[in-house]
Amino acid sequence: MRRILGTQPAHAPRVYGARRGRDRLTKDRRSWNMSRIRGKDTTPEKRVRSFLHRLGFRYRLNVKIPIAKRTSHPTSPVPLRGGVRGGFVRPDIVLAKHKTVIFVHGCFWHRHRGCKNCTTPTHRRAWWLKKLEGNVARDKLHQRALRKLGWRSVIVWECQTEKPKTLEQLSRKLAKLLGA
Ligand SMILES: [Zn+2]
C-alpha cells in the first residue's frame, strides 16, 4: 500500500491571485489531469482494486457489458456523439458475483460537484463545458442502462482515493455495501 501511495504524483501547485479569473489550472496540473484520464491503470483505480483485493473480493477488469443502443440521452441538454458507442459499457471494476460495477471517476473529467478539482478552464470555456457536461450525461446514461439490467453502479471519486483516511472510509463503505 505504501509503495502504491509513494508513487502518487504530487498535486501541481494551482495558480491563484495574479491570474484570478483566468484558467486556474497550471499547465503541469492540466497535463497531469490528462495523463490520469488517458492511462488505463490510473492510480486511483489501482488503490481501489488494492483494497478490494485485501477485503477478499474477486473482480474483473475490462469487461464489456452490452446495453441497448440509443442515439441520444432523453433528458440530456448535450447531444451525445453516437449515443452509447458500440452498445456496451466498460466499467473500471466489475464484481459479477455482487452484480455491482465500480466506476473510478476523475473529478475534473466527470465533474465531481463541489470538489476542488471540479474546475472549468476559462480558455475555450464553452467548448470545455460542452465536453465535460457531455461526459456527465454519458455517465448517467450508462448507469441507467446498467440499472435496467440489474447492475448496481458505485461511483468512486478520484479525490476519495487520495488520502489514506478517505481511502479507509471508502473501503469500509464498500465493504458494507457488498456485505463483507
Ligand atoms: Zn473530487
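Heads up: these notes are all about the structure in this document. What you see is a predicted model, and the numbers here were worked out from it, not measured in a lab. Numbering of residues starts from 1 in every chain and runs along the sequence as written. Per-residue local features are limited, in this predicted model, to residues with pLDDT of at least 70; the limit for side-chain atom pairs, both in listing and counting, is 80 or more; totals at the level of whole chains, interfaces and linings are taken over all residues.

## Points about the sheet that holds strand S3 (residues 93-95)
Turning to step 1, where the next piece is worked out: Think of it this way: DSSP has to see at least two bridges between two strands before they count as a pair. Under the scheme used here, helices are H or I runs from DSSP no shorter than 4 residues and strands are E runs no shorter than 2 residues, and both carry numbers assigned from the N terminus. Taken in spatial order, the three strands make up an open sheet running S3-S4-S5, and their pairing is mixed. The sheet is open, and its two edges are formed by S3 and strand S5 (152-157), each paired on a single side. On average, each strand axis in the sheet is inclined to that of its neighbour by 20 degrees, with strand direction left out of account.
Turning to step 2, where the next piece is worked out: Contacts here follow a simple rule: the backbone-placed C-beta atoms of the two residues must lie within 7 Å. In this description, a line fitted to the C-alpha atoms serves as the axis of each element, helices being fitted only across the stretch in contact, and the angle between N-to-C directions of two axes falls anywhere from 0 to 180 degrees. Contacting S3, strand S4 (100-105) and S5, helix H3 (residues 43-54) crosses the sheet at an angle of about 145 degrees to S4.

## Side note on unusual backbone geometry
Turning to step 1, where the next piece is worked out: The phi angle at asparagine 62 is positive, at roughly 55 degrees, despite the residue not being glycine.
Turning to step 2, where the next piece is worked out: Note on placement: asparagine 62 falls in the loop between H3 and strand S1 (65-66).
Turning to step 3, where the next piece is worked out: Accessibility expressed as a C-beta count within 10 Å gives 10 for asparagine 62, which makes it exposed.
Turning to step 4, where the next piece is worked out: Unlike most non-glycine residues, arginine 111 shows phi in positive territory, near 55 degrees.
Turning to step 5, where the next piece is worked out: Position of arginine 111 among the secondary structure elements: in the loop between S4 and helix H4 (125-148). Counting other C-beta atoms within 10 Å of each residue's C-beta, where C-beta atoms are placed from the backbone, gives the exposure class: buried for 20 or more, exposed for 12 or fewer, partly exposed between.

Keep in mind that these numbers describe shape and distance, not what the molecule does.
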